[in-house]
Amino acid sequence: MVSRVRVWLNRTYAENVFFMDQLRRNPSDRAVDIHATHGDADSPVLAAADTADLEPEGLSPAGYVEYALDQCRRRGIDVFVPRLHQAAIVAHRADFAAAGTALLAPPPEAVAVFHDKVIAYEAVQAIGVAVPPWRRVRTADELVAAVDELEADGHRACFKPASGAGGVGFRVITRAPFALSQLSGFPTPYVQLDMVVEALRQAEEQVDWLVMPRLEQPEVSVDCLTGPDNRIRLSIGRTKNGRRRGFTLQEQWLEPARRIAEGFGLHYLSNIQFRMFGDVPVLMDVNTRPAGGLHQLSLCGVNAPWAAVQLALGEDPGEIVPPFLGQDYAIVSGPRQLRAVSFPQQRVEETEPLPAAVPAPVDSVEVGQAAQALPL
């Protein structure tokens, strides 16, 4: 009898409820138990899991590693998919292996390269992948100089943190004065240069930003699955152009993504994002973790989460070619059930088989999901 696989996701995005759904609906018909932890008791991933814990707040990276090792030992975790404190966790891969847990994450060297966008851009340029022009700025004077340079070349300037994820801190620079019209409608990413400069000059600490041209659509996110042997098993591009989403296997996107994933050892699941700079695809960002929208590959007949778990368990799924490319689609929101109480109910006896999750039909939260052939 094949044993159940126990998978843990720590403090992950709400959209990964679909990642969890795909693990349970795996084509191997293997029983999967999912453990989830989060700092928010009302995260939908806690309700979707078989067992769940609230994470302690205020732990240092080293303290979190100890917490994670304890979770793996107590819960009998086979595969751990770390998002929070990924860098600290992968540095202790041998300790997790000794606890019987495989880490579904790249080695520490790969995580370190892509933690800092400056280091990442320099590294991928060295292997022949195109990147946009960029300047690292820490002061108001450096910001003004970088914006002046980009605007002189006919570009609209934007900035984002040198480290970070999910578009947090991204802003587009404008020289138009602040006006009442900007207080109508919804907030936008545009900020006045003079206001940013003044804020920087009043700040007591330096910032660490990348200033670059605002890149054009489409955005193409290439989801990659790479083995510990540095060989790609899967690469599919997801296109984003306004509301419209789709899929691509065009080599102008996939070839540089494969070069990055294999060249830097981005083992297991990674997401490599490109946009257009003029008529050239350039690297925008690299995520050393599964993308929140990874489940959308199901519209191409692919279950990437399960293939990654197989790899982590030493069960090589081989090269995965999508049997078809799904139709264009849009992202819509839908309800997802939450627990009736502020803290998830726990299974009492750890030695018994874990029950299927039974969410309480009381509250709900909206999470994005891909719908096939939706009118746009």
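Please refer to the structure placed before this passage.
What comes next concerns the included structure. Model, not experiment: these values are computed from the prediction.

A closer look at the overall build of the protein
- A tally of regular secondary structure across the protein gives eleven helices and 17 strands.
- Within the protein, counting contacts between residues at least 6 apart in sequence, those at least 24 apart form 66% of the total.
- Summed over all atoms, the accessible surface of the protein reaches about 17400 Å², with 52% contributed by carbon and sulfur.

Here's the deal with helix H11 (residues 304-312)
- Along H11, nine of the nine residues are buried, which leaves the element largely enclosed by surrounding structure.
- Every buried residue of H11 is accounted for by Ala304, Pro305, Trp306, Ala307, Ala308, Val309, Gln310, Leu311 and Ala312.
- Between the side-chain oxygen of the N-cap and the backbone nitrogen of Trp306 there are 3.1 Å, and the N-cap of H11 in question is Asn303.
- Gly314 sits one or two positions beyond H11 and adopts a positive phi of about 85°.

Here we look at the environment of Ala312
- In this fold, Ala312 is placed in helix H11.
- Sequence separation of Ala312 and Leu104 is 208 residues, and the distance between their C-alpha atoms is 6.0 Å.
- Those residues within four positions of Ala312 in sequence are excluded, and the remaining contacts are Val79, Ala102, Leu104 and Tyr268.

Thoughts on the pattern of salt bridges
- The full count for this structure, using the stated rule, is 27 salt bridges.
- Salt-bridge contacts for Asp141 lead to Arg201; the nearest nitrogen and oxygen are separated by 2.8 Å. With Asp141 in helix H8 (residues 140-152) and Arg201 in helix H9 (residues 193-202), this pair connects stretches of sequence that are 60 residues apart.
- Each of Asp53, Asp70, Arg74 and Arg75 takes part in one network of salt bridges that share partners.

Quick notes on the sheet that holds strand E8 (residues 171-174)
- A sheet is described by the order of its strands in space; here five strands give the open sequence E6-E10-E7-E8-E9, paired in mixed fashion. The open sheet has two edge strands, strand E6 (135-137) and strand E9 (190-192), and neither has a second partner. Between one strand axis and the next, the sheet turns through 35° on average, direction left out of account.
- In the sheet, strand E7 (residues 157-161) pairs with strand E10 (residues 209-213) via five bridges, with the strands oriented antiparallel. Bridged to Phe159 within E10 is Val211.
- On top of the sheet, helix H7 (residues 117-126) reaches E6, E7 and E10; it is set at about 50° to E10, its chief contact.

With respect to the side chain of Thr226
- Mapped onto the fold, Thr226 is located in strand E11 (residues 216-226).
- Side-chain polar atoms of Thr226 contact the backbone oxygen of Leu266, separated by 3.5 Å.
- In contact with Thr226, not counting residues within four places along its chain, are Arg231, Ile232, Arg233, Ala261, Leu266, His267, Tyr268 and Leu311.

Concerning the packing of aromatic side chains
- Using the criterion set out here, one finds nine aromatic pairs in the structure.
- Ring geometry for Trp8 and Tyr67: centres 6.4 Å apart, planes at 75°, overall edge-to-face. In this pair, Trp8 sits in strand E1 (residues 5-10) while Tyr67 sits in helix H3 (residues 61-75), placing the two residues 59 residues apart along the sequence.
- Overall, the relative accessible area of 0% leaves Trp8 in the buried class.
- Through a chain of ring-to-ring contacts, the aromatic side chains of Trp8, Tyr64, Tyr67, Phe80 and Phe96 assemble into a single cluster.

Some words on the nonpolar core
- Val7, Leu23, Leu104, Leu269, Leu297 and Val309 are the most contacted members of the largest nonpolar core, which has 38 residues in total.
- A total of seven residues in this core trace back to one element, the largest contributor, which is H11.
- When sequence neighbours within four positions are dropped, the list of residues in contact with Leu23 reads Val7, Val32, Ile34, Pro305, Trp306 and Val309.
- Ala110, Val222, Cys224 and Ile232 belong to the second largest nonpolar core, which has 31 residues in total.

Side note on the environment of Arg135
- Here Arg135 shows up in strand E6.
- Judged by its relative accessible area of 37%, Arg135 is partly exposed.
- Linking Arg135 and Ala146, residues eleven residues apart in sequence, is a C-alpha distance of 6.3 Å.
- With residues near it in sequence (within four places) discarded, Arg135 still touches Ala146, Glu149, Trp209, Leu210 and Val211.
- Separated by 2.5 Å, the side chains of Arg135 and Glu149 make a polar contact.

Conventions and cut-offs
Residues numbered from 1 in each chain as written. Predicted model: local features only at pLDDT ≥ 70, side-chain atom pairs only at ≥ 80, totals over all residues. Heavy atoms only, no water. Helix = DSSP H or I, 4+ residues; strand = E, 2+ residues; numbered from the N terminus. Contact = heavy atoms within 4.5 Å. Areas by Shrake-Rupley, 256 points an atom, 1.4 Å probe, with all protein chains shown as cover. Buried < 20%, exposed > 50% of the residue type's maximum accessible area, 1.4 Å probe, protein only. Polar contact = N/O pair within 3.5 Å; in protein donor to acceptor, adjacent residues only side chain to side chain. Salt bridge = Lys/Arg side-chain N within 4 Å of Asp/Glu carboxyl O. Pairing = 2+ DSSP bridges. Axes fitted to C-alpha atoms, helices over the stretch in contact; angles between N-to-C directions. Phe/Tyr/Trp six-rings, centres within 6.5 Å; stacked < 30°, edge-to-face > 60°. Core = buried A, V, L, I, M, F, W, Y, C linked by side-chain atoms within 4.5 Å.

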